[in-house]
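Listed below, chain by chain, are the residues.
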Amino acid sequence: MGEFRALLLTDVIDSTRLTEALGEAAIAAHWIAHDRAARDLLRTWRGREIERTDGLLAVFDDAADGASFAVDYHRMLAMLGLPFKARAGLHAGPITFRERSEADVALGARRFEVDGLAISIAARVMTTALGGQTLLTVDAQRMLGASALRVQSHGHWRLKGLQEPVELFEVGDEHAAFTPPPDADKSYRVVREGNAWLPVREIKHSLPAERDLFVGRGEAMQSLARALERGARLVSVLGMGGTGKTRLVTHFARTWLGDFPGGAWFCDLSQARHVDGIVAAVAQGLDVPLGKSDPVVQLGHAISGRGRCLVVLDNFEQVARHAEETVGRWLERAPDAQFVVTTRELLGVAGEHALALPPLASGDAVALFVSRAMSATPGFSPDASDLSAIAELVDVLDGLPLAIELAAARIRVMSPRMVLAHMRDRFRMLGARTGRLDRQATLRAAFDWSWDLLSDAEKAALAQLSVFEGGFTLESATAVIDLSDVADAPWIVDVVQSLVDKSFVRRTESDRFDCLTSVRAYAAEHLATAGRFHRSGPSALVAAEHRHGLFFASLGPKRAIEHSCAEVDNLVAACERAVRANDAQIAGLALAGAWSALKLRGPFKIAVAISEKVRSMGALPPAIATTVTRINASALMLSGRMAEARIQFETALANASATAAGDLPHLLASFAELSMREGFVAEALQHFEEALARHSDATDSAFECGVLTGLGTCHEYLGQLDRAGDYYRQALDVARASGERRWEGGALGNLGQLSANLGESTQAQSFYESAIAVAHELGDRQWEGNVRCNLGLLYQAEGRLDDATHQLDAALASARELGHARLECVVLCNLGIVLEARAQHQSAHQHYLQAVDLARRLGDRRFEGQFLGYLGLSHARLQRFDAAAACMENGAALLRAVSDNVSLGVLLCADVEVAQLSGDPRRAREIFDEVERMTAEAEVEPKSDLGIARARARGLVAAAAPSQSP
């Protein structure tokens, strides 16, 4: 009797094909990475390698270590991006285990050798597994015991060479598929039938054959499997037409057939309209002849007689009203049977378990498109550009399998990019050209089937819901939907709920709903086309859009940013429609709400576009005209178009002063922000102070916070840090007292920056993290990006370069998505500083060049001056001393022009290093003396940027000074 051990066998699937596809050299590099990582994992989980071929054979003292290794092994392949997918088998049993002598190993023998039947069993189990799957025998499962990993039985299997079937289990983490594997050459699944074992392939069923490859839906398959495993007797798979409900349940039934010894019976109810149609379809699916007695009772007996079986009732929505008198009675008569129904609305039967089928995940949707396109066009091989277009296309198609398959068929005559370009006319594009006449032949036919089942109230409500962009709430739906001409119109909340139950509307959050893009387009056609149903046509569309505009124009700036600016798309749509309708009042109010959201979330270019549309309306009332111009100027400013922004601000100020418009204080504050960004700090201070003096609304705490913050920033630019801190703390106090969360986050971020300037890094980090939390809560991507940028620089100063890069990369992504050019240039410079710290001087230099160029295009003299200091030092380190000197001279001139003495001091300290690198210690000493004069009367914190820079410059000067004899 040998030692009882756990054996794990792994195998990389299709390794020969991969070698042919990638080439010997490339695959060798992948194998080196594979072996290194696998052996590291073996050490972690106390395993011993016995043999390595296209996988490995390893021995573990404990099955728990073997299972944990297998789970980490699959995860490792994915994380390293290796092109491998492996299967694994784990068995526990007696083996003869030998360790060879050093002499034998020196002659080429393996370090360890094992013998025993356990190896053959582990090999059979491994070859049964799917790619990415780990199977284990019942012996290994018993040895494993209680585990944090998930373990699920896949039934009993005949393994070649073994007398009795073996129960196999799957072990994995939350990402594992837990899908029963298909029969293999040397293993097949069996079920107990009396005293004999029956191969699953011999279980009777009436499932339709699968015509092509099933793609994705792993999570939905698992959800259905878990529901049935936990005892659900009736599961209704819900979804719009074209979501792939039928394909999902038939694939599930075929895959899990071994769990149903009584068979899986597919019943197509698409032609049924009454009870007699239901029983006829079910009788056909069960292959049961009906007699003269009650057919529902007969079928109940027939189902009961098949024991544990699965009955699939496909397309039940049009006969849902008959569910209780059919399915309800069969549930009572056949206690071992389980039912899966595909339907577009709930049946309302007691015990019903609903499983809403969502759109395909992006990766699965792309895979489905490529698979179907390759079937339609042999030789189709998408390149990177094609895959990019396909990713956009499947998103436009809402991940609907039917729509994706119909679009893929167009690859016979169009490229993916061309198909995408024609999606404006999606219902014309998504029509089959194969002679099919069923309701899956076109996307429109699939939707028509569901539309025809709606009541008049549901049709009217769904059509009017098409005017929403980005979803809606019950409150906004109630304000927009008008059912006054529908006889006995139900409560609008009931209608919305009914549309949810029928899969036309989906609930996205606790209080928000939306429709798929294709559903909205279909419903919009019905609303806009006269004669589609009562009160449809152009006038109905205009009326619905007007009600939509009235509601969103009334929200106001504060409500417009609630729930992370969830209504931004509706606000933009309301503004644009009001412009088309020449309704200045709604256009102006909707623009104000849209701007309050867009300045948090971006893109700023949308705010520029819609504000220019409103400005072009002409004859705007003075108050609205001033507000619109202010918003346009602010959006231009954040987009980096500073010169245009100044023109707009100056025009608006002149008009506001002439007309005594009430928006003058807000206009002055916004103009002050522009002046500050352009480096005109004295002008900014004057405008901020005037704005605060003119403002008379004591309840407008947000305005007060904004001006206090602006005043603090001006004083920080002037190096007056104590006064800056006073203003920031006042802003924080006002924000907290009034519940202005956004300005609370802004004040925290500014106090973090101030603390960093004072060298208080721990306090700065605390402020930054609190500010990020607030910004993230509110969906304020602009300020979150700003704070992450500053936090990244703080991490760099502490030597946490990986953390710094992570924060700065996130900030750069936000800046570019927002269209926030000013933030982008700061992040580029900070990334250059991190690269410099990593000694990647050439990459750092490129980042500095980009930052300087962008600051120059923005007209931001302060930033340009700062960045030129970093660029100049970079030139010097690359031995380009003339370019370095020019950068330092120009940067110093710009910083003197904007009175930023702190940044000027930092630049001059860098210039000390430039002079030393160029071999001119005398000039270095002169520059440092200037720094000392500048800071003689100022309190420079040793840990501040200037303090650190001055200390470094002092050290360089001292090191270069000639030594003196005692």
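Residues numbered from 1 in each chain as written. Predicted model: local features only at pLDDT ≥ 70, side-chain atom pairs only at ≥ 80, totals over all residues. Heavy atoms only, no water.

**Examining the pairing of strand 3 (residues 55-60)**
Summarising burial for strand 3: 6 of the 6 residues are buried, a large majority. Here strand 3 shows no split at all, with Gly55, Leu57 and Val59 on one side and Leu56, Ala58 and Phe60 on the other all buried. Note that strand 2 (residues 48-52) and strand 3 share 4 bridges and pair antiparallel. Within strand 3, the residue paired with glutamate 51 across the bridge is leucine 57. Here strand 2 hands over to strand 3 after 2 residues, the two strands then running antiparallel side by side. (Buried < 20%, exposed > 50% of the residue type's maximum accessible area, 1.4 Å probe, protein only. Helix = DSSP H or I, 4+ residues; strand = E, 2+ residues; numbered from the N terminus. Pairing = 2+ DSSP bridges.)

**Observations concerning the environment of arginine 954**
Turning to its location among the elements, arginine 954 is positioned in helix 44 (residues 945-960). The residues touching arginine 954, leaving out its near neighbours within four places in the chain, are Phe928 and Glu932. Of note is the side chain of arginine 954, whose polar atom sits 3.4 Å from the side chain of glutamate 932. (Contact = heavy atoms within 4.5 Å. Polar contact = N/O pair within 3.5 Å; in protein donor to acceptor, adjacent residues only side chain to side chain.)

**As for the pattern of salt bridges**
Within the structure shown, the criterion is met by 60 salt bridges. Across the salt bridge formed by aspartate 860 and arginine 822, the nearest N and O atoms sit 3.0 Å from each other. On the criterion of sequence distance, the pair formed by aspartate 860 in the loop between helix 39 (841-858) and helix 40 (861-877) and arginine 822 in helix 38 (residues 821-837) is long-range, its members being 38 residues apart. Residue classification places arginine 822 among the buried residues on the basis of a relative accessible area of 15%. Arginine 856 is the salt-bridge partner of glutamate 864, the closest N and O atoms lying 2.8 Å from each other. Sharing partners across several salt bridges, the network here consists of Glu210, Asp212, Arg247, Arg372 and Glu405. (Salt bridge = Lys/Arg side-chain N within 4 Å of Asp/Glu carboxyl O.)

**Quick notes on the nonpolar core**
If you look at the biggest cluster of nonpolar residues, it comprises 183 residues, and the most contacted ones within it are Phe369, Leu443, Phe447, Leu462, Leu499, Val614 and Phe867. At 11 residues, helix 38 tops the list of elements feeding residues into this core. (Core = buried A, V, L, I, M, F, W, Y, C linked by side-chain atoms within 4.5 Å.)

**A word on unusual backbone geometry**
Cis geometry marks the peptide bond from glycine 602 to proline 603; its omega dihedral reads -10 degrees. Turning to its location among the elements, proline 603 is positioned in the loop between helix 26 (584-601) and helix 27 (604-615). Even without being a glycine, serine 899 presents a positive backbone phi close to 60 degrees. Mapped onto the elements of the fold, serine 899 is located in the loop between helix 41 (881-897) and helix 42 (901-917). With a relative accessible area of 36%, serine 899 lands in the partly exposed category.

**Concerning the environment of histidine 548**
Summarising the element assignment, histidine 548 is placed in helix 22 (residues 538-553). Histidine 548 gets classed as buried once you look at its relative accessible area, which sits at 0%. Sequence-wise, histidine 548 and glycine 891 are 343 residues apart; in three dimensions their C-alpha atoms are separated by 52 Å. Residues in contact with histidine 548, not counting those within four places in the same chain, are Val467, Phe468, Val480, Asn570, Ala573, Ala574 and Arg577.

**Topic: the packing of helix 18 (residues 456-465) against helix 20 (residues 492-501)**
Following both chains from N to C, one finds helix 18 and helix 20 inclined at 85 degrees, their axes separated by 10 Å at the closest point. The angle between helix 18 and helix 20 falls in the class roughly perpendicular. Here Ala457, Glu458, Ala461, Leu462 and Leu465 of helix 18 lie close against helix 20, whose contacting residues are Val495, Ser498 and Leu499. In the contact of helix 18 with helix 20, the residues fall into 6 nonpolar, 1 polar and 1 charged. (Axes fitted to C-alpha atoms, helices over the stretch in contact; angles between N-to-C directions. Parallel < 35°, antiparallel > 145°, perpendicular 65-115°, else oblique. Nonpolar A, V, L, I, M, F, W, Y, C, P; charged D, E, K, R; others polar.)

**Concerning the sheet that holds strand 12 (residues 264-268)**
Pairing is parallel across the open sheet formed by 5 strands, whose spatial order is 12-13-14-11-15. Where the open sheet ends on each side, the last strands, each with one partner, are strand 12 and strand 15 (352-356). Adjacent strand axes in the sheet meet at a mean angle of 20 degrees, parallel and antiparallel pairs treated alike. In this structure, strand 12 lies alongside strand 13 (residues 310-314), joined through 5 bridges in parallel fashion.

**Quick notes on the packing of helix 38 against helix 39**
The N-to-C vectors of helix 38 and helix 39 enclose an angle of 160 degrees; their axes lie 8 Å apart at closest approach. With respect to helix 39, the axis of helix 38 lies roughly antiparallel. When the axes of helix 38 and helix 39 are compared, the crossing they make is left-handed. The segment helix 38 lies against helix 39, with Ala821, Arg822, Glu824, Cys825, Leu828, Cys829, Leu831, Gly832, Ile833, Leu835 and Glu836 engaging His841, Ser843, Ala844, His847, Tyr848, Gln850, Ala851, Leu854, Ala855 and Leu858. Counted by class, the contact of helix 38 with helix 39 contains 13 nonpolar, 5 polar and 3 charged residues. (Left-handed = near helix turned anticlockwise from the far one by under 90°.)

**Points about the side chain of histidine 91**
Here histidine 91 is to be found in strand 4 (residues 86-99). One polar contact links histidine 91 to threonine 137, side chain to side chain, over a distance of 2.8 Å. Apart from the residues lying within four places of it in its own chain, the contact partners of histidine 91 are Arg5, Ala6, Leu7, Ala118, Ile121, Ala122, Thr137, Asp139 and Ala140.

**Structural notes on the environment of alanine 92**
Topologically, alanine 92 is positioned in strand 4. Along the chain, alanine 92 and leucine 7 lie 85 residues apart, while their C-alpha atoms are 6.1 Å from each other. Excluding anything up to four places from it in sequence, alanine 92 contacts Phe4, Arg5, Ala6, Thr137, Asp139, Ala140 and Met143.

**Let's talk about the packing of aromatic side chains**
Counted according to the given criterion, the structure contains 14 aromatic pairs. Geometrically, the ring pair formed by phenylalanine 69 and tyrosine 73 is stacked, given 5.8 Å between the ring centres and 20 degrees between the ring planes. Taken together, the positions of phenylalanine 69 and tyrosine 73, both in helix 3 (residues 63-79) and 4 residues apart, correspond to about one turn of that helix. Taking the centre distance of 5.9 Å and the plane angle of 25 degrees together, the rings of tyrosine 848 and tyrosine 870 count as stacked. With a gap of 22 residues between them, tyrosine 848 in helix 39 and tyrosine 870 in helix 40 connect regions that are remote in the sequence. (Phe/Tyr/Trp six-rings, centres within 6.5 Å; stacked < 30°, edge-to-face > 60°.)

**Observations concerning the confidence of the model for the protein**
The predicted model of the protein has a mean per-residue pLDDT of 87, with 95% of residues at 70 or higher. Across the protein, the secondary-structure element scoring lowest on mean pLDDT is helix 4 (residues 102-106), at 68, and the one scoring highest is helix 25 (residues 568-580), at 95. (pLDDT = per-residue confidence, 0-100.)

**Topic: helix 41**
Spanning 17 residues, helix 41 covers 24 Å between terminal C-alpha atoms, matching the ideal 24 Å at 1.5 Å per step. For helix 41, the set of buried residues is Ala884, Cys887, Met888, Gly891, Ala892, Leu894 and Leu895. The arc that holds the buried residues of helix 41, viewed along the axis, is 165 degrees, so those residues lie on one side. Every exposed residue of helix 41 that faces more than 90 degrees away from the buried side is listed here: Asp882 and Glu889. (Expected span 1.5 Å × (residues − 1). Arc of directions from axis to C-beta.)

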